[in-house]
Every structure is written in C-alpha cells, then in structure tokens.
Amino acid sequence: TEESANTLYNLGAAYQAVGRVTEADRSWRTAASHYRAVGALQDQFETLLDVVINRGEMGSAEDVEVAMEFALGAVEGHEAYRECRAMALDAVGVARARVGRIDEAKQALDEALQIWIDLGDRLREGQTRYNMAIPHLAAGDVEAALSCLEEARAIALELGDTESVVAIDQQKSQIERMR
C-alpha cells in the first residue's frame, strides 16, 4: 500500500539522518517498489533519487550510476521525463561530487541546469545552481563555489524566497571562512 511505502520512506530518511546509509538504501529501495506497485510513479522516482544521493554517501561511484539509470528507467516515456531527467542529473551530480568524480559531477549539473533554463523553471534552476557549488568545493575552488551560490541567491531574491536567501547567505559565510 501507499501507506507502507510512506512508512518505509520515512524509515529510510531516519536511517540516513543517523548515518546508517546501508539501512537507508534498503528501506528506500523497498519503498520505491511499493510505490511502483500502487502506481505512484512520482513518489517512486523521487525515492529512487534519494537512493542515488545515498549511494554517493556510501562512496560507491558505480552504484551511483546504476541507481540513476534505474530511476530514469522508472519514468521513461512519462510526460514529465525531461523534468525527471534534470532532477536525476542534479542528484547524480551531487552524488558524483561526494565520490570524487568532480568533472563528471559538473557535467551532470550543467546538463540539469540547461534543462531547467530551457523549461523556464527558475526555482529548479536556482536549486541546481546552489548544488553546483558542491563539486567546486570538493575541488577546492572556493571562488567558483561562491559564484554559484551568488547566482542561486539572485534567483531566490527574484522569486521572493527569503528563506533560501538566508540559507544561502549562511552557506556563503561558512565558505568565505575557508579562504
């Protein structure tokens, strides 16, 4: 049932929050199967994106790629496939950065960004620009990371998202201390 899928999803999130990434992975994969069984395609896809990011936490570059392909396969042919692809590329970009595949992370995030720009989705564009700071930080390029955050901040201001502006300012402040 969808209720059991939601319970498994929340259990996965709790496991992930306390660093039990293997249990989180197992719980989220089971939740995704339950979502698929009840026809909740979007929930299945979004849960599989959590698996992608979690695989980055687990440190397995190959598993990140397999999880992304599986997530995209779940929505192939769906009317929102481009949006789903951009979401997957964003997630895999973050995960790749976590396993040290910096150039590939930047490439995935650049591709996601272009999709959001083409679709005119400023909110998601801003989120991706924010995430683009991650591989730059992983590579030690503080200036490029700050530039990405500034671009994300400008979009948050444009959209009137003061909560994101505050969060971005806090992130920038922490990064500026790294100079």
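Right above here is the structure, for reference.
So, here's what we can say about the structure. All values reported here derive from a predicted model rather than from experimental measurement.

Criteria and thresholds
- Residues numbered from 1 in each chain as written.
- Predicted model: local features only at pLDDT ≥ 70, side-chain atom pairs only at ≥ 80, totals over all residues.
- Heavy atoms only, no water.
- Helix = DSSP H or I, 4+ residues; strand = E, 2+ residues; numbered from the N terminus.
- Rg over C-alpha atoms; globule rule 2.2 N^0.38 Å.
- Buried < 20%, exposed > 50% of the residue type's maximum accessible area, 1.4 Å probe, protein only.
- Contact = heavy atoms within 4.5 Å.
- Areas by Shrake-Rupley, 256 points an atom, 1.4 Å probe, with all protein chains shown as cover.
- Lys, Arg positive; Asp, Glu negative; His and termini not counted.
- Charge placed at Lys NZ, Arg CZ, Asp CG, Glu CD.
- Axes fitted to C-alpha atoms, helices over the stretch in contact; angles between N-to-C directions.
- Parallel < 35°, antiparallel > 145°, perpendicular 65-115°, else oblique.
- Left-handed = near helix turned anticlockwise from the far one by under 90°.
- Salt bridge = Lys/Arg side-chain N within 4 Å of Asp/Glu carboxyl O.

### Let's talk about the overall build of the protein chain
Regarding its fold elements, the protein chain presents 10 helices and zero strands. If you list the helices and strands of the protein chain from N to C, you get α-α-α-α-α-α-α-α-α-α. In terms of overall dimensions, the protein chain is globule-like: its C-alpha atoms have a radius of gyration of 16 Å, near the 16 Å expected for 179 residues. When the backbone C-alpha atoms are referred to their principal axes, the protein chain occupies close to 45 × 35 × 30 Å. A buried classification covers 42% of the 179 residues belonging to the protein chain. Put simply, of all contacts in the protein chain between residues at least 6 apart along the chain, 54% involve residues at least 24 apart. A total of about 9100 Å² of accessible surface is found on the protein chain, and carbon and sulfur atoms cover 48% of it. Averaging the coordinates of the 18 positive side-chain charges in the protein chain and doing the same for the 32 negative ones gives two points 4 Å apart.

### Focus: the environment of histidine 78
Position of histidine 78 among the secondary structure elements: in the loop between α4 (61-75) and α5 (81-98). In this structure histidine 78 comes out as partly exposed when scored by relative accessible area, which is 30%. Distance from histidine 78 to alanine 67, taken between C-alpha atoms, is 18 Å for residues 11 residues apart in sequence.

### Examining the packing of helix α1 (residues 2-17) against helix α3 (residues 41-58)
Following both chains from N to C, one finds α1 and α3 inclined at 20°, their axes separated by 12 Å at the closest point. Taken together, the axes of α1 and α3 lie roughly parallel to each other. Regarding α1 and α3, the two cross each other, and that crossing is left-handed. Of α3, the residues touching α1 (which contributes Glu2, Tyr9 and Gln16) are Asp43, Thr47, Asp50, Asn54 and Glu57.

### Description of the side chain of asparagine 131
For asparagine 131, the location among the structural elements is in helix α7 (residues 122-131). Among all residues touching asparagine 131, those that are not within four sequence positions of it are Asp90, Val94 and Leu109.

### Focus: the packing of α5 against helix α6 (residues 102-119)
Where α5 meets α6, the closest approach of the two axes is 8 Å, and the angle between their N-to-C directions is 155°. Classified by the interaxial angle, the pair formed by α5 and α6 is roughly antiparallel. Of the two possible hands of crossing, α5 and α6 adopt the one that is left-handed. Counted together, Arg82, Glu83, Arg85, Ala86, Met87, Leu89, Asp90, Val92, Gly93, Arg96 and Ala97 of α5 and Ile102, Glu104, Ala105, Ala108, Leu109, Glu111, Ala112, Ile115, Trp116, Asp118 and Leu119 of α6 form the full contact between these two elements.

### Overview of the pattern of salt bridges
Considering all chains together, one arrives at 11 salt bridges under this definition. A salt bridge links aspartate 25 to arginine 29; the shortest N-O distance between them is 2.7 Å. A residue pair is termed a helical-turn pair when its members lie 3 or 4 positions apart in one helix, as aspartate 25 and arginine 29 do in helix α2 (residues 21-37) at four residues. Between lysine 172 and glutamate 150 there is a salt bridge, with its nearest N and O atoms 2.2 Å apart. Of this pair, lysine 172 sits in helix α10 (residues 162-176) while glutamate 150 is found in helix α9 (residues 142-159), placing the two residues 22 residues apart along the sequence. The buried category is assigned to lysine 172, whose relative accessible area is 14%. Assessed through its relative accessible area of 34%, glutamate 150 is described here as partly exposed. Look at the salt bridges and you will find they share partners, linking Arg122, Glu125, Arg129, Glu151 and Glu158 into a network.

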